[in-house]
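# Chain and residue survey
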Amino acid sequence: MATETDRHGRTHRLELADATLREWDATVLHVEDGGVVLDRSAFYPGGGGQPPDHGVLLWAGVQSRVMGVTKADDLLLRIAEGDPVPGVGEAVRGAVEDERRTALMRTHSALHLMAGVVFREFGALVTGGNMEPLTGRLDFDLPEIPEGFKERIAAQCALEVEQDRRIDVRVLPRDEAFRIPDIIRTASNLLPPELTEVRIVDIVGLDAQADGGTHVASTRQIGRIDVVKVESKGKANRRLRITLP
Ligand SMILES: [Zn+2]
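Conventions adopted
- Residues numbered from 1 in each chain as written.
- Predicted model: local features only at pLDDT ≥ 70, side-chain atom pairs only at ≥ 80, totals over all residues.
- Heavy atoms only, no water.
- Pairing = 2+ DSSP bridges.
- Helix = DSSP H or I, 4+ residues; strand = E, 2+ residues; numbered from the N terminus.
- Axes fitted to C-alpha atoms, helices over the stretch in contact; angles between N-to-C directions.
- Contact = heavy atoms within 4.5 Å.
- Salt bridge = Lys/Arg side-chain N within 4 Å of Asp/Glu carboxyl O.
- Buried < 20%, exposed > 50% of the residue type's maximum accessible area, 1.4 Å probe, protein only.
- Phe/Tyr/Trp six-rings, centres within 6.5 Å; stacked < 30°, edge-to-face > 60°.

## Some details on the sheet that holds strand β14 (residues 207-210)
With respect to topology, three strands assemble into an open sheet ordered β12-β13-β14, the strand pairing being antiparallel. Edge positions in the open sheet fall to β12 (167-173) and β14, since each of these has one partner strand only. Each strand axis lies, on average, 25° off the axis of its neighbour in the sheet, ignoring direction. Of the pairings in the sheet, the one linking strand β13 (residues 197-203) to β14 comprises four bridges and is antiparallel in character. Pairing of Asp202 across the sheet is with Ala208, part of β14. Along the sheet, helix α1 (residues 98-122) makes contact with β12, β13 and β14, crossing β14 at roughly 120°.

Pasting the structure below:
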């Protein structure tokens, strides 16, 4: 799970400091191939398994749909084909589609919660994962499926939601972040050496990870987590799939 500071190219990324922000004002800095670069954006561009946001830009009495984000030197918001594209210097209002984003925040937080539960109960680390709104999977490095594996994880996940643990996001200097045992365990080989700051998503008392995604503020906001499937994907690889009904 990658980390990022609050800027990408010329864009100030508003969602990293406030995952609840859904509307904001911005100025178009650049236009290219039917996409635009804004000075400020709360569109999550995708990364760490979380897909990009959808939404709209409102300007001069029209609405342009944002269908995703291309990450290069800048964040290029991709405007739906056929929709009008605002010009450089245009003042626009950005709006993130709330239903999709909120579902992704709940799903992403649910996966972190499950990662914390599986490590605590079985000592297994995450090797991969992916998500769509209200459904996701994580792969764990686990030689075999222990007795009652799925049921125990489901019960512990439900308990952790009920506990309503706080989910804190903070940015720490690299060496400070690397004093957190969870971060040493999960991220020490993944973070590029030039990274001076690490964004930490901390389900307080359960799981801390270096992460660039958007999350809900406490575990009860995740809602019910159904552990729907356990699969074996390779020798020491167990895949757990969840849905949020
Ligand atoms: Zn994550």
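## Describing the pattern of salt bridges
Considering all chains together, one arrives at 19 salt bridges under this definition. In this structure, the salt-bridge partner of Arg93 is Glu23, at a minimum N-O distance of 3.1 Å. Of this pair, Arg93 sits in strand β9 (residues 91-96) while Glu23 sits in strand β3 (residues 23-32); the two residues are 70 residues apart in sequence, bridging distant segments of the chain. The class of Glu23 is partly exposed, set by a relative accessible area of 45%. Of the charged contacts, one joins Arg166 and Asp168 as a salt bridge, the two residues approaching to 2.6 Å between their closest N and O atoms. A cluster of three or more residues bridged by salt bridges with shared partners is formed by Arg120, Glu121, Arg152, Glu160 and Arg165.

## As for the packing of aromatic side chains
By the definition in use, this model includes two aromatic pairs. With a centroid separation of 5.2 Å and 75° between ring planes, the pair formed by Trp24 and Phe43 is classed as edge-to-face. One end of the pair, Trp24, is in strand β3; the other, Phe43, is in the loop between β5 (40-41) and β6 (55-59), and 19 residues separate them in sequence. As far as burial versus exposure is concerned, Trp24 and Phe43 are alike and both buried. Seen from their ring centres, Phe122 and Phe149 are 4.9 Å apart, and the 65° between their planes marks the pair as edge-to-face. Of this pair, Phe122 sits in helix α1 while Phe149 sits in helix α2 (residues 149-163), placing them 27 residues apart in sequence. No difference in accessibility class separates Phe122 from Phe149, as the two residues are buried.

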